[in-house]
Amino acid sequence: MIAILTGDVINSAGHPPESWLVDLKSLLGSLGSNPEDWEIYRGDEFQVRMNVSKALETAICIKAQLKCRKGMDVRIGIGLGAESYRAPKVSESNGPAYQASGGVFDRLRDEKLHLQLSSGNAAADTGMNLILKLASHFMDDWSPVSAEAVLKVLQSPGVSQEQMACELGIQQSAVSQRLSRARLDLLEELLSYYTDQYLKSIR
């Protein structure tokens, strides 16, 4: 079982590509090789092939990184399943995981959602997607500074608030406030549920 993330950047036209594209390429580059494991195409659309265990966390990292810029966001459809054909380019590969990702991604715009997933297990997917829909109420409202704080926590597990304060040039209390407003506590519970409950139910 693999995970395929299919996404597009929201409001990319309102921001110069150099202000966000370099960071997005750097994040995707840490996940594997281009174009075998990830590609950016048509300017602001992308696809990523990766391990299922980190798929949701990666999607949220991408969201946090883009939301560091005011007005930007992302839509991502996550497909979990098998891979029947692996091509030199991820966009040319195929299998149930790719089809699930494309299918759920196509529905996001119509349903006015930013993050959903599909594994073919209807019961498990319904519950997980309801949780993601509820979580979107706070993730979609992240301010740039809250998104930046969340990104640092996700990319540097175990980092202390004191270390973050030093890196960001702010007081530790300000870091605490940003993470509280971002609902880091609920985000961590969401990620734990994904790995400890959801993935076990679909395997």
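Reading the values: the criteria
- Residues numbered from 1 in each chain as written.
- Predicted model: local features only at pLDDT ≥ 70, side-chain atom pairs only at ≥ 80, totals over all residues.
- Heavy atoms only, no water.
- Helix = DSSP H or I, 4+ residues; strand = E, 2+ residues; numbered from the N terminus.
- Expected span 1.5 Å × (residues − 1).
- Buried < 20%, exposed > 50% of the residue type's maximum accessible area, 1.4 Å probe, protein only.
- Pairing = 2+ DSSP bridges.
- Axes fitted to C-alpha atoms, helices over the stretch in contact; angles between N-to-C directions.
- Contact = heavy atoms within 4.5 Å.
- Polar contact = N/O pair within 3.5 Å; in protein donor to acceptor, adjacent residues only side chain to side chain.
- Phe/Tyr/Trp six-rings, centres within 6.5 Å; stacked < 30°, edge-to-face > 60°.
- Right-handed = clockwise from strand over helix to strand, strands pointing away.

1. Brief notes about helix H2 (residues 55-67)
Alright, step 1. For H2, with 13 residues, the first-to-last C-alpha span of 18 Å sits near the 18 Å given by 1.5 Å per residue.
Alright, step 2. Most of H2 is tucked away, with 13 of its 13 residues classed as buried.

2. Describing unusual backbone geometry
Alright, step 1. Put simply, Asn-34 and Pro-35 share a cis peptide bond, and its omega is 5°.
Alright, step 2. One can find Pro-35 in the loop between helix H1 (21-29) and strand S2 (38-41).
Alright, step 3. The phi torsion at Asn-11 lies on the positive side, around 65°, for a residue other than glycine.
Alright, step 4. Tracing the backbone shows Asn-11 in the loop between strand S1 (2-10) and H1.
Alright, step 5. Under the relative-accessibility criterion, Asn-11 is labelled partly exposed at 45%.
Alright, step 6. In this model, Arg-42 sits at a positive phi of 50°, which is unusual for a non-glycine residue.
Alright, step 7. On the secondary structure map, Arg-42 appears in the loop between S2 and strand S3 (45-50).

3. Description of the sheet that holds S1
Strands pair in a sheet through their backbones, by hydrogen bonds, and they do so in one of two ways: parallel or antiparallel.
Alright, step 1. Read across the open sheet, the five strands follow the order S2-S3-S1-S4-S5; overall the sheet is mixed. Every other strand in the sheet has two partners, leaving S2 and strand S5 (115-118) as the edge strands with one partner each. Across the sheet, the mean angle from the axis of one strand to that of its neighbour is 15°, orientation sign disregarded.
Alright, step 2. Across four bridges, S2 lies against S3 in antiparallel orientation. Within the sheet, the bridge partner assigned to Trp-38 lies in S3 and is Val-48.
Alright, step 3. In the packing of helix H3 (residues 96-111) onto the sheet, the strands contacted are S1, S3, strand S4 (73-81) and S5, and the crossing angle to S4 comes to about 150°.
Alright, step 4. Packed on one face of the sheet, helix H8 (residues 184-202) meets S4 and S5 and runs near 45° to S4.

4. Remarks on the side chain of Ser-119
Alright, step 1. Considering the arrangement of structural elements, one finds Ser-119 in the loop between S5 and helix H4 (122-139).
Alright, step 2. When its relative accessible area of 19% is taken as the criterion, Ser-119 is described as buried.
Alright, step 3. Among the polar contacts listed, one links the side chain of Ser-119 to the backbone nitrogen of Asn-121, at a separation of 3.2 Å.
Alright, step 4. Once residues lying within four places of it in the same chain are set aside, the contact partners of Ser-119 are Leu-80, Asp-125, Tyr-198 and Ile-202.

5. Examining the packing of aromatic side chains
Alright, step 1. Following the criterion strictly, the structure yields one aromatic pair and no others.
Alright, step 2. Ring centres of Tyr-194 and Tyr-198 lie 5.7 Å apart, and the angle between their planes is 25°; this geometry places the pair in the stacked category. Residue Tyr-194 and its partner Tyr-198 are both found in helix H8; the two are separated by four residues, about one turn of the helix. This pair shows no difference in class: Tyr-194 is buried, exactly as Tyr-198 is.

6. Overview of the pairing of S5
Alright, step 1. What you see with S5 is no split at all: Leu-115 and Leu-117 on one side and Gln-116 and Ser-118 on the other are buried throughout.
Alright, step 2. As paired strands, S4 and S5 are joined by four bridges and run parallel to one another. For Ile-76, the partnering residue across the bridge sits in S5 and is Leu-115.
Alright, step 3. Running through H3, the crossover from S4 to the neighbouring parallel element S5 is left-handed.

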